[in-house]
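Here is what each chain is made of, one letter per residue.
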Amino acid sequence: MTVRVGIADTTFARVDMASAAIKKLKELTPKIKIVRYTVPGIKDLPVACKKLIEEEKCEIVMALGMPGKEKKDKICAHEASQGIMMAQLMTNKHIIEVFVHEDEAKDERELEWLAKRRAEEHAENVYYLLFNRKFLEKNAGKGLRQGFEDVGPVRE
Ligand SMILES: Cc1nc2c(=O)[nH]c(=O)nc-2n(C[C@H](O)[C@H](O)[C@H](O)CO)c1C
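This one's a predicted model, so the numbers in the text were calculated from it and none came from an experiment.

A.B. asks: An account of the environment of Lys116 is requested, with residue identities and associated values reported.
C.D. replies: Tracing the chain through its elements places Lys116 in helix 4 (residues 108-131). Put simply, Lys116 and Asp16 are 100 residues apart on the chain and 7.6 Å apart in space, counted from C-alpha to C-alpha. When sequence neighbours within four positions are dropped, the list of residues in contact with Lys116 reads Val15 and Ala20.

A.B. asks: Any chance you could break down the site of the ligand for me, citing the residues and the numbers?
C.D. replies: Looking at the ligand, the residues that line it are Phe12, Pro40, Gly41, Ile42, Lys43, Asp44, Met66, Pro67, Gly68, Asp73 and Cys76. Within the backbone of Gly41, a nitrogen or oxygen atom sits 3.0 Å from an oxygen atom of the ligand. The side chain of Asp44 places a nitrogen or oxygen atom 2.5 Å from an oxygen atom of the ligand. Out of a free accessible area of 490 Å², the ligand has 71% covered by protein chains. For the shell around the ligand, the per-class residue count stands at six nonpolar, two polar and three charged.

A.B. asks: I'd like to hear about the packing of aromatic side chains, residue by residue, with values.
C.D. replies: As enumerated under the stated definition, the model contains four aromatic pairs in all. Each ring, one from Trp113 and one from Phe148, has its centre 6.0 Å from the other, and the planes form 45°; the classification is tilted. Taken together, the residues span a long stretch of sequence, with Trp113 in helix 4 and Phe148 in the segment after helix 5 (133-138) at a distance of 35 residues. For the ring pair Tyr127 and Phe131, a centre distance of 5.3 Å and an interplane angle of 45° mean the geometry is tilted. In this pair, Tyr127 and Phe131 are both assigned in helix 4, four residues apart and thus about one turn of the helix distant. On the accessibility criterion, Phe131 (29% relative accessible area) is partly exposed.

A.B. asks: I'd love a proper account of the nonpolar core, names of residues and values included.
C.D. replies: Side chains that are nonpolar tend, in soluble globular proteins, to be buried together. The biggest cluster of nonpolar side chains holds 27 residues, and the ones touching the most others in it are Val5, Ile7, Met17, Leu25, Met62 and Leu64. Elements represented by at least two residues in this core include exactly strand 1 (3-10), helix 1 (17-28), strand 2 (32-39), strand 3 (60-65), strand 4 (95-99) and helix 4. Contacts of Leu64, omitting those with residues within four sequence positions, involve Ile7, Ala8, Asp9, Thr10, Met17, Ala18, Ala21, Leu45, Val98 and Ala119. If you look at the next biggest cluster of nonpolar residues, it comprises 19 residues, including Ala8, Ala63, Ala77 and Ile84.

A.B. asks: How would you summarise the pattern of salt bridges if you had to cite specific residues and measurements?
C.D. replies: Considering all chains together, one arrives at 20 salt bridges under this definition. For Glu56, the salt bridge identified is with Arg4, shortest N-O distance 3.5 Å. In this pair, Glu56 is assigned in the loop between helix 2 (45-54) and strand 3 and Arg4 in strand 1, connecting sequence segments 52 residues apart. Given the relative accessible area of 34%, Glu56 is considered partly exposed. Put simply, Lys93 and Glu59 hold a salt bridge, and the shortest N to O gap is 3.1 Å. In this pair, Lys93 is assigned in the loop between helix 3 (71-91) and strand 4 and Glu59 in the loop between helix 2 and strand 3, connecting sequence segments 34 residues apart. Exposure remark for Lys93: the relative accessible area of 26% places this residue in the partly exposed category. If you follow the salt bridges from partner to partner, you end up with Arg14, Lys69, Glu102 and Glu108 in one network.

Calculation rules
Residues numbered from 1 in each chain as written. Predicted model: local features only at pLDDT ≥ 70, side-chain atom pairs only at ≥ 80, totals over all residues. Heavy atoms only, no water. Helix = DSSP H or I, 4+ residues; strand = E, 2+ residues; numbered from the N terminus. Contact = heavy atoms within 4.5 Å. Near = heavy atom within 4 Å. Polar contact = N/O pair within 3.5 Å; in protein donor to acceptor, adjacent residues only side chain to side chain. Areas by Shrake-Rupley, 256 points an atom, 1.4 Å probe, with all protein chains shown as cover. Nonpolar A, V, L, I, M, F, W, Y, C, P; charged D, E, K, R; others polar. Phe/Tyr/Trp six-rings, centres within 6.5 Å; stacked < 30°, edge-to-face > 60°. Buried < 20%, exposed > 50% of the residue type's maximum accessible area, 1.4 Å probe, protein only. Core = buried A, V, L, I, M, F, W, Y, C linked by side-chain atoms within 4.5 Å. Salt bridge = Lys/Arg side-chain N within 4 Å of Asp/Glu carboxyl O.

Here's what the structure looks like:
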């Protein structure tokens, strides 16, 4: 049986994070059907995700976005996150938020690497949530990160 996975992304982002996530998901399993929905910016993501779940019958959604470095962008990101959480509670489905803040990276090269890496690693999390939740359980408390290096547990 095929599981429908929603991929919501934005034109505001400076890196095509969705393609990285889709490629990784397709490498991981043939058992998914991707439904992509691109919107202008991160504040448009909550309704896109909700529509992917309710109208497109997606079991889980990734919300990929890139908040800019200005203060207004940070506020925007906070608002978008709250909308995404509300959409999760309204639909009772996971929406994995994959935000990369433009000022997390030291230059454009690192920004591209980070955005794609974080999208891929969260795509792996989507796979585990759908098909192998035990893997996540085994990694509880391990200080895993998406994008930059894992920090590890407090004590080995
Ligand atoms: C200030 C601002 N900052 C961002 C941002 O950092 N990242 C992003 O993806 N989108 C931003 N937007 C656009 C809004 O999210 C949205 O697309 C518009 O307000 C139209 O609904 C806005 C308006």
